[in-house]
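Read off the chains here:
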Amino acid sequence: MPFVALHPEVGRLDATQPGLGAGLEWSRVYKVSPRVALTCPECAWGVHAKHSPSRVRFFCHDSGRPPECSLANESWEHHMLKLEMAGAIRAAGWFAELEVAAADGSWRADVMAVSPDGERRMAWEAQLSPITVEDIQARTDRYTAEGVTVCWVSPHRRPPVWLGSVPSVRVRVPEEDGEPWAVDDGLGGFDSGRWLFQEAELTQFVRWVLRGQLRPCRSLPHHRQVLRPVDGESRWFLRDLWWTSRQSAEAQSSHERERRQREEAARQREARRQELEDTSRARRKAWLASPAGQKAQRRRQEIRNQKEARKREQKADNRRAQAQAQRDEEVARHRAEVRERRAREFALAQEREAQRRAAMQDLELRAHAVAEAWWARLSRSEVEELFRAVFDTAWKRERLRARIPKAGGVTASFAYGIPVHAFNRLYGIVRPCPELLPLSPQLAYHQVFVRDAREAQALEEGGLRSTRITHFGLADRS
Ligand SMILES: [Zn+2]
């Protein structure tokens, strides 16, 4: 739905201008009979004048139009934005023309603003379809080549990718009647060392731009990221180019200058510090290489070595002391054990000795009765038989005449045996009592005579050596 049409006689008509920009009343083309042969300047198809429900005047293609006509394919929103821009340009005192094409056809401006003196031109482009940054830059360059400045305008809620890469703004489309169109992205101010998003009504913005109060300004590398609250949260935006005032552009430059000066000052401070450090290091190196420095190093090394040696000695001493303490402890423990063992053994021996003495006393008390019982086992004839055997053997073996001494008989000192003499010497003991051997240890040095193997056996068990015992195998007659 274009706002422009070609009249067969007066030429170009602009539905947004009074007198259609050609001194022609709207009524001369709207619903006239016979109808005027108006055509589309883009596709040359027939068009007719029409009203929107909100009384916006435009030209509508007749039916059967070529499908590729870009004017016919533009959305209502697109046309409304163009209308709004044209109005704003005219309100600022400039001329506004719609759908202005280059002589060579290399561009067609949606709205071309021309200064009152006709010297300056500025294209206002309503850009709704997606376009790459490269393409929009190329189109901007084509305008620039012909001395035409440009501002690209997007009405989309989401800022397009090219916003801020070329001179551009986003506008907020009014949602209610009477609400103004507003620029809410692409207009910025530099304050306190950073860029801030600013907003303005579209008419105001266009006026400022056309009067040169706003101009495109590139963000310097340190200021390209800008924080903006969106739907209650802060988000980062990348903006290379702003529409901004001379003051803001200068504020950015001076802020950048100061930043660089601070950086340079810091760099110089760092260089001085580095230089001082290098000097100090070189001086120290030189000193270390000098004889005095060498001597001092050797001295320090010696002191270090001495310290380490002392430390090692100290450690060795500690280890030795520890080992000694351990050995002492072991010795003490061993001695204590030995003392304990000896005490136990001594106590045990004392106990045994006491028991032995008690047994001996008991035996001494019972000795007489035991001996009597021992001898009572033999009859008189058996006793005589035994003594005969003793005497006969003494004679046969050694030619000795043995006899019982005059005061002889049983004696306690030979375990109640009967001593027999030969040549006034003790020849042997006859039949000591085995049970009483412990009371007469001296028996061990004498010959002993008993009747038979059984009595010999009893004496052996009582502690006498078998070589000292002689038995005669006399038959037991009892
Ligand atoms: Zn057309």
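Quantities reported herein were computed from a predicted structural model and do not represent experimental measurements.

Trainee: Is there a simple way to explain the overall build of the protein chain in this structure?
Mentor: Helices and strands together make up the secondary structure of the protein chain, namely 8 helices and 21 strands. In terms of overall size, the protein chain is more extended than a compact globule, its C-alpha atoms giving a radius of gyration of 72 Å where 478 residues would be expected to give roughly 23 Å. Seen through its C-alpha atoms, the protein chain measures out along the principal axes to roughly 200 × 80 × 35 Å. When burial is assessed residue by residue, the protein chain has 37% of its 478 residues classed as buried. Within the protein chain, contacts between residues separated by at least 24 positions form 48% of all contacts whose residues are at least 6 apart in sequence. Here the protein chain contributes 80 positive and 67 negative side-chain charges, whose respective centroids are spaced 13 Å apart.

Trainee: How should I be thinking about helix 8 (residues 453-461) in this particular structure?
Mentor: Given 3.6 residues per turn, any residue in an α-helix points the same way as the ones three and four places further on. The complete set of buried residues in helix 8 reads Glu455, Ala456 and Leu459. Axial view of helix 8: buried residues confined to an arc of 105°, hence all on one face. Opposite the buried face of helix 8, by more than 90 degrees, sit the exposed residues Arg454 and Glu461. Those residues of helix 8 that are buried are in contact with helix 6 (291-376), strand 20 (448-450) and strand 21 (469-471). Positive backbone phi, approximately 115°, marks Gly463, located one or two places after helix 8.

Trainee: Please clarify how the domain arrangement of the protein chain should be interpreted in this entry.
Mentor: Many authors give the size of an interface as the accessible area that is lost as the parts come together. Split into domains, the protein chain comes out as domain 1 (74-252), domain 2 (290-374) and domain 3 (377-471). For domain 1 and domain 3, the distance between their C-alpha centres works out to 155 Å.

Trainee: Is there a simple way to think about the coordination of the zinc ion in this case?
Mentor: The textbook angles at a metal center are 109.5 degrees for a tetrahedron of four donors and 90 or 180 degrees for an octahedron of six. Surrounding the zinc ion are the protein donor atoms Cys40 (SG), Cys43 (SG), His61 (NE2) and Cys69 (SG), which sit 2.0 to 2.3 Å from the metal. Between the 4 donor atoms coordinating the zinc ion, the angles at the centre fall across 100 to 119°, so the site counts as tetrahedral. Mapped onto the polypeptide sequence, the residues donating to the zinc ion form the spacing pattern C-x2-C-x17-H-x7-C. When its relative accessible area of 1% is taken as the criterion, Cys40 is described as buried.

Trainee: How do you make sense of the nonpolar core when you look at a structure like this?
Mentor: Here is a general trend for soluble globular proteins: nonpolar side chains tend to be buried in one another's company. Phe59, Ile89, Trp124, Phe205, Leu210 and Trp243 are the most contacted members of the largest nonpolar core, which totals 52 residues. No other element matches helix 2 (residues 76-91), which puts 6 residues into this core. The contacts of Phe59, once residues within four sequence positions are left out, are Met1, Pro2, Phe3, Val4, Ala5, Leu13, Ala15, Trp26, Leu38, Val47, His48 and Ala49. Membership of the second largest hydrophobic core comes to 36 residues, among which are Leu386, Ala415, Ile429 and Leu464.

Trainee: Explain the sheet that holds strand 6 (residues 108-114) to me, please; I cannot follow it from the model alone.
Mentor: The pairing of strands in a sheet happens through backbone hydrogen bonds and is either parallel or antiparallel. On the basis of which strands lie adjacent, the open sheet formed by 7 strands has the order 5-6-7-8-9-10-13 and mixed pairing. The outermost strands of the open sheet, each flanked by one partner alone, are strand 5 (95-101) and strand 13 (200-201). Relative to strand 10 (residues 182-185), strand 9 (residues 168-172) runs antiparallel, the two being bridged by 3 bridges. Residue pairing across strands places Val171 opposite Val183, the latter belonging to strand 10. Across the sheet, helix 2 is in contact with strand 5, strand 6, strand 7 (121-126), strand 8 (148-154) and strand 9; its angle to strand 5 comes to roughly 140°.

Trainee: Teacher, can you tell me more about the packing of aromatic side chains here?
Mentor: Each pair of aromatic rings is reported with the distance of its centres and the angle of its planes. Overall, the coordinates contain 14 aromatic pairs when judged by the stated rule. Taking the centre distance of 5.1 Å and the plane angle of 75° together, the rings of Phe197 and Trp242 count as edge-to-face. With Phe197 in strand 12 (residues 194-197) and Trp242 in strand 17 (residues 241-244), this pair connects stretches of sequence that are 45 residues apart. By relative accessible area, which is 16% here, Phe197 ends up buried.

About the thresholds
- Residues numbered from 1 in each chain as written.
- Predicted model: local features only at pLDDT ≥ 70, side-chain atom pairs only at ≥ 80, totals over all residues.
- Heavy atoms only, no water.
- Helix = DSSP H or I, 4+ residues; strand = E, 2+ residues; numbered from the N terminus.
- Rg over C-alpha atoms; globule rule 2.2 N^0.38 Å.
- Buried < 20%, exposed > 50% of the residue type's maximum accessible area, 1.4 Å probe, protein only.
- Contact = heavy atoms within 4.5 Å.
- Lys, Arg positive; Asp, Glu negative; His and termini not counted.
- Charge placed at Lys NZ, Arg CZ, Asp CG, Glu CD.
- Arc of directions from axis to C-beta.
- Domains from an automatic or database assignment.
- Donors = N, O, S within 2.8 Å, 3.2 Å for Na, K, Ca; no water.
- Tetrahedral: all angles 85-135°; square planar, octahedral: opposite > 155°, others 65-115°.
- Core = buried A, V, L, I, M, F, W, Y, C linked by side-chain atoms within 4.5 Å.
- Pairing = 2+ DSSP bridges.
- Axes fitted to C-alpha atoms, helices over the stretch in contact; angles between N-to-C directions.
- Phe/Tyr/Trp six-rings, centres within 6.5 Å; stacked < 30°, edge-to-face > 60°.

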